Every structure is written in C-alpha cells, then in structure tokens.
Amino acid sequence: MASMSSRSFETPSATSESTGSSRREILRAAGAVTALGATASLAGASGQDDATKILRVGLVGCGGRGGGAVINALSADPNTKLVAMGDAFSDRLESKLQEFEGRMTDNDGNPTKFAGRIDVPAENRIVGLDCHEKVVDLCDVVLFASTPHFRPAQVVYAAKAGKHMFVEKPVAVDGPGLRKIWQAMNDVKGKGIAVVTGLCYRYQNAKRATFQKIREGAIGDIKAIECSYDTGALWHRGQKPEWTEMETQLRNWLYYTWASGDHVAEQAIHNLDKMIWAMDDQPPVSVKAQGGRIVRTEPKYGNVFDHFNAVFDFGSGVKAFFSCRQWNGADRDVSDHVYGTKGIAHTQTHRIEGETKWRWRTPEGMVDDMYQNEHDAMFASIRAGKPIHDGDVMCRATLLALMVRMSAYSGKVISWNQALESKEDLSPKKYEFGPNPVPPVAQPGVTPFV
C-alpha cells in the first residue's frame, strides 16, 4: 500500500478541525480548475493535427448501459468506429450488434451519422469471461460496462496496455479488487491515458452549476447532507434448466453480491458520489449502516439486500444521512439535500433556498444530456492531448458503497481505512460455467467483517 498516492487514500481525522471558510476556499479553487480544464479540452480539440485520425472503439459488456455508451461514444466524435465487442454470452453480443447495425440507416433506408462506423467482423466478436483482453488489444478506446466483479481485471489490463477507457460504476465489489484498480489508476496518472467514469452526474451541467454555488458559499458552512435512492425493483432474466449456477448468476448479476457489490454499489452509488462531491471529495471518517431484505426474499434474488440506511461521520460535527431501497409499490425518492448555515442546496433539482435564492435555468439551445456529456468530454480531451483522469473519483465513490455494505452486513461501524484494507475477497472459486453455490444472506451481528 505504501506505493499508492497518499492523496488518494488519505483518511480524515475525526478530531481534525477545519473552518467553513477554508473549505469554501478549497471548493472555489477546485471549481475554477475543473472549469478551466473542461474549457481547455473542448477548445483545443478541433485544433489538433490528429483530429481526423480514426479512433477504434471497443465494448466490453453488451447490456443496456454498454449499448448506450457505444452510441454516446460514436456521437461524441465523428472519427470513431466500433471495431470490437466482448461479452460473456454470444446471444447478448449478437443482439446488441444487430441493434447497432440497425442504426446505420433511418426508417426510409437513408444512411445516418453511424453509417460505415459499425464494423465488427466475426473475429472481433469475443465471447468469454476473459473477453476484455482481445477487445483491449484491438482498440484505442474501450468502454467497460460488464458485470462489476470483472472491472478490476479489465481496467488493470487496459491500463497496462495504455488504452483510453470509459469505466462504468462501480469499479469493484470488494477491497482487494478496489485496491488493484486504484493502484492501476495511480500508475497511469500523467501518462496520457483518458479515464472517464460512469458517475454521469459529474458531467451534467446543471449539477456542476449547483455544486459550484455550494463552492461559492451560497449555503454557508455545510452541516449535514441527506441522500436518498429509494426506487422500484429492476429487471430479472429468469432461469432456464440448461443454465448452470454460474450462468444463472451472471445473467442475473444484480442479485449476487460477488457479481454486483449489492445494489448500494451498483445503483445508489450515484447518491454517494454526490455526497462526497459536496464535501470536496474528502472522505468520511466512518459509517454506521443497517439493511436487510424484507420484500425480495425468494431464492431467485440471490443474496443481496433490498434496503440500506447509513449515517456517515465526516468529522467536525458534519453528518451525512443516506438511504436506498428497491421496493415495488412503495414511494420513490431520488434526491440529495445539502444543509448549510445559510441555506439548503437541493442538488437533484438544482436549486438553493435560504439567504441565497437560486435555480438552474438551462441556457437556450443547450441539451444537457449527462450521458452524452461525459463522452463528449472524454473524446475532446483525447483529441486535445489533455486526457481526463477520473480514477480517484470513481474509486472513492466505490469505497463509500463498500463501506455501507460492509457495515450493514456485519452490524459494525466501519472506518474508511478499514473498508479500504478489507481482506474480504468475493471472487468465485472457479471462473467457469458450472456450480457456484450462493453464500447465505448476511446477518448483522453474525456475519463477520473481514
């Protein structure tokens, strides 16, 4: 661990004191740097000599998010081409490729902007749990959107190969995996490799403007944060007699902790990321969490929880309150509220109340599509020779999610360092389509923290 960046793994002291004014100064400076970097990247892209060079794009993980990422990538830069695809299952890959090819013409048979830019021959359609290796070797830019468990191995391989990458969240499901990917991210800093996170709110203009107002002191000193990701159930692809345990779990990976990290990591990580964003990306001291499964109790839902609640301690009296659940028929609430000494920032709805009254208004002509924005920014940064590096952002958010799960599963208060140094390895015994027994659902007070 000593070789890793101290900034990336810095743990705040519960007894350390910092004034609200100094925090605002830090936030204001960070916002200025971010804005300057984005402007420089976008402005410089068109002036590069290699702006017309074809960038070969590859996709690893042919689900819905992966499909969206490909369309975003090809829309971001006209000189990109999809040349390789990888997935654990051939049917998923082929159906997604057919979908892409259908976009090359409109309903009247006329060519679209994607015409001639979907070119994935049979030899570049890689099927298997190690499909990422050949896809990475064939491409300049790789889009990682497969089952989260495999993300560390995939990103480490791409980092060593010096490839630009878009990395969906979460980036790991356990401590060992997170340490591997964070080390890889530190290794490639300053080496001309773009790494853009799937934490898409970071690229929404409305969100950036709202957090900038917080940086400027619009709500005063932050005292508390409230985050909720209370939503309904997600998809389930069923089970077929011919599927092995491993295939069933991978086709329904949301419901197995080893594959997804639980829904607090796979979905609600967005709110956790906004929480730490509000705190200038300074990590909490510890978390106390609870959770369980009281709605999704059938065996088909594997061993994940269906709800979590947590309280983060950021030191200096600042607390953050977090909840997430996936219950059909219950009230939904996806929101974030940052409470300060001078007002409240409602970051999901982009408004501030209190001494400062403010609301985001989308400028005329702006299409604030955060999914598209992140790819626009990535390719612009590559063309400008100033690649974005979101490694720390995506690793910090993932660790927050792992902290919640570890605390809720064990019933223990878990510190930032404890979570980071956790020895719990969720990897299956074998990476093959055969038996893969499901561990029992965690029991707080019984399931140990490792």
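The text that follows walks through the structure, step by step, so that each part is easy to find. Since the structure is predicted, the reported quantities are computational estimates derived from the model, not experimental observations.

About the criteria used
In this convention, every chain numbers its residues from 1, walking through the sequence in written order. Per-residue local features of the predicted model are confined to residues with pLDDT of at least 70, and side-chain atom pairs are confined, for both listing and counting, to 80 or more; whole-chain, interface and lining totals are unaffected and use all residues. As a rule here, side-chain values come from all non-hydrogen atoms in the structure, and water together with hydrogens is ignored. Strand pairing is defined by DSSP finding a minimum of two bridges between the two strands. A run of H or I in DSSP becomes a helix once it reaches four residues, and a run of E becomes a strand once it reaches two; helices and strands are each numbered from the N terminus. Only the contacting stretch of a helix is used when fitting its axis, a line to C-alpha atoms as for every element, and angles between N-to-C directions run 0 to 180 degrees. Should any heavy atoms of two residues lie within 4.5 Å, those residues are counted as being in contact. Between buried and exposed lies partly exposed: a residue is buried under 20% and exposed over 50% of the maximum accessible area for its type, with that area taken using a 1.4 Å probe on protein chains only. Clockwise travel from the first strand over the helix to the second, with the strands pointing away from the viewer, marks a crossover as right-handed. Residues enter a nonpolar core if they are buried and are Ala, Val, Leu, Ile, Met, Phe, Trp, Tyr or Cys, with the set joined through side-chain atoms within 4.5 Å. Helices are assigned an expected span. That span is 1.5 Å times one less than the residue count. Roughly parallel covers angles under 35 degrees, roughly antiparallel covers those over 145, roughly perpendicular covers 65 to 115, and oblique covers all other angles. The hand of a helix crossing depends on one turn: near helix anticlockwise from the far one by less than a right angle means left-handed, and clockwise means right-handed. Gly is placed with the polar residues, together with every amino acid not listed as nonpolar (Ala, Val, Leu, Ile, Met, Phe, Trp, Tyr, Cys and Pro) or charged (Asp, Glu, Lys and Arg). Classification of ring pairs rests on two measures: the distance between centres of Phe, Tyr or Trp rings, Trp counted by its six-membered ring, which must be within 6.5 Å, and the angle between planes, read as stacked under 30 degrees, edge-to-face over 60 and tilted in between. A positively charged side chain is recorded as over a ring if its NZ (Lys) or CZ (Arg) lies within 6 Å of the ring centre. The angle to the ring normal must also be within 35 degrees.

**As for the sheet that holds strand 6 (residues 195-197)**
Then, in step 1: In spatial order, the strands read 3-2-1-4-5-6; together these six strands make up an open sheet with parallel pairing. Of all the strands in the sheet, just strand 3 (125-127) and strand 6 have a single pairing partner and so form its edges. The sheet shows a mean angle of 20° between the axes of neighbouring strands, taken without regard to direction.
Then, in step 2: Relative to strand 6, strand 5 (residues 164-167) runs parallel, the two being bridged by three bridges. Along strand 6, the bridge assignment pairs Val 167 with Thr 197.
Then, in step 3: Most of the contacts of helix 2 (residues 64-76) go to strand 2 (residues 80-87), to which it runs at about 165°, and overall it touches strand 1 (55-60), strand 2, strand 4 (141-144) and strand 5.

**Focus: the pairing of strand 5**
A regular strand carries its side chains on alternate faces of the sheet.
Then, in step 1: Alternating positions in strand 5 separate into two faces, His 164 and Phe 166 on one and Met 165 and Val 167 on the other, with burial throughout.
Then, in step 2: Two strands pair when backbone bridges link them, and strand 4 and strand 5 are joined in this way by four bridges, in the parallel orientation. Residue Val 142 lies in a different strand from strand 5, and its bridge partner there is Met 165.
Then, in step 3: Remark: the strand 4/helix 5 (residues 151-161)/strand 5 crossover connection has right-handed handedness.

**A look at the nonpolar core**
Then, in step 1: Residues Met 165, Leu 178, Phe 312 and Phe 322 are the most contacted members of the largest nonpolar core, which totals 73 residues.
Then, in step 2: The greatest single-element share of this core, amounting to 11 residues, is contributed by helix 13 (residues 391-410).
Then, in step 3: Counting 29 residues, the second-largest nonpolar core is a separate cluster that includes Leu 55, Met 104, Tyr 203 and Met 378.

**A short note on helix 13**
Then, in step 1: Under the 1.5 Å per step criterion, the end-to-end length of helix 13 is 28 Å for 20 residues, consistent within 8% with the ideal 28 Å.
Then, in step 2: Among the residues trailing helix 13, Gly 411 stands out with phi positive, at a value near 80°.

**Side note on the packing of helix 5 against helix 6 (residues 175-188)**
Helix-helix packing: each pair is described by the crossing angle between the helix axes and the interaxial distance.
Then, in step 1: Between helix 5 and helix 6, whose axes approach to 9 Å, the crossing angle comes to 20°. Classified by the interaxial angle, the pair formed by helix 5 and helix 6 is roughly parallel. When the axes of helix 5 and helix 6 are compared, the crossing they make is left-handed. Together, Arg 151, Pro 152, Val 155, Val 156 and Ala 159 of helix 5 and Gly 177, Lys 180, Ile 181, Ala 184, Met 185 and Val 188 of helix 6 make up the contact between the two elements.
Then, in step 2: Its residues placed into classes, the contact of helix 5 with helix 6 shows eight nonpolar, one polar and two charged.

**Remarks on the sheet that holds strand 13 (residues 351-354)**
Sheet strands line up and pair through hydrogen bonds in the backbone, either parallel or antiparallel.
Then, in step 1: Taking strand neighbours across the sheet as the criterion, the nine strands line up as 14-13-12-11-7-10-9-8-15 in an open arrangement whose pairing is mixed. Each end of this open sheet is capped by a strand with a single partner; those strands are strand 14 (358-359) and strand 15 (414-415).
Then, in step 2: Across two bridges, strand 13 lies against strand 14 in antiparallel orientation. Residue Ile 352 lies in a different strand from strand 14, and its bridge partner there is Trp 358.
Then, in step 3: Helix 11 (residues 269-278) contacts strand 7 (222-231), strand 9 (307-313), strand 10 (319-326) and strand 11 (333-340) of the sheet and is inclined by roughly 170° relative to strand 7.
Then, in step 4: In this fold helix 13 packs onto strand 8 (286-292), strand 9, strand 10 and strand 15, with an angle of close to 60° to the strand it touches most, strand 8.

**What to know about the packing of helix 7 (residues 205-215) against helix 11**
Then, in step 1: It is the contact of helix 7 with helix 11, at a shortest axis distance of 10 Å, that shows an interaxial angle of 30°. When helix 7 is examined against helix 11, the residues Lys 207, Arg 208, Phe 211 and Arg 215 are found in contact with a partner set consisting of Lys 274, Trp 277 and Ala 278.
Then, in step 2: A breakdown of the residues in the contact of helix 7 with helix 11 according to their chemical character gives three nonpolar, no polar and four charged.

**As for the packing of aromatic side chains**
Geometry of an aromatic ring pair is reported as the spacing of the ring centres plus the angle between the planes.
Then, in step 1: Following the criterion strictly, the structure yields nine aromatic pairs and no others.
Then, in step 2: Taken together, a centroid distance of 6.3 Å and an interplanar angle of 80° make the contact between Phe 150 and Trp 258 edge-to-face. A residue pair is termed long-range when its members are at least 10 positions apart, and Phe 150 in the loop between strand 4 and helix 5 and Trp 258 in helix 9 (residues 257-260) qualify at 108 residues.
Then, in step 3: Taking the centre distance of 5.3 Å and the plane angle of 65° together, the rings of Tyr 255 and Tyr 301 count as edge-to-face. Taken together, the residues Tyr 255 in the loop between helix 8 (245-251) and helix 9 and Tyr 301 in the loop between strand 8 and strand 9 connect sequence positions 46 residues apart.
Then, in step 4: Aromatic ring contacts, followed pair by pair, group Phe 150, Trp 258 and Tyr 431 into a single cluster.
Then, in step 5: Over the face of the ring belonging to Phe 89 we find Arg 251, whose NZ or CZ atom lies 3.9 Å from the ring centre.

**Side note on the pairing of strand 10**
Then, in step 1: As paired elements, strand 7 and strand 10 share eight bridges and run parallel to each other. Across the sheet, Asp 230 pairs through a bridge with Arg 325, a residue of strand 10.
Then, in step 2: Relative to strand 10, strand 9 runs antiparallel, the two sharing seven bridges. Considered in strand 10, the bridge of Phe 312 is made with Ala 320.

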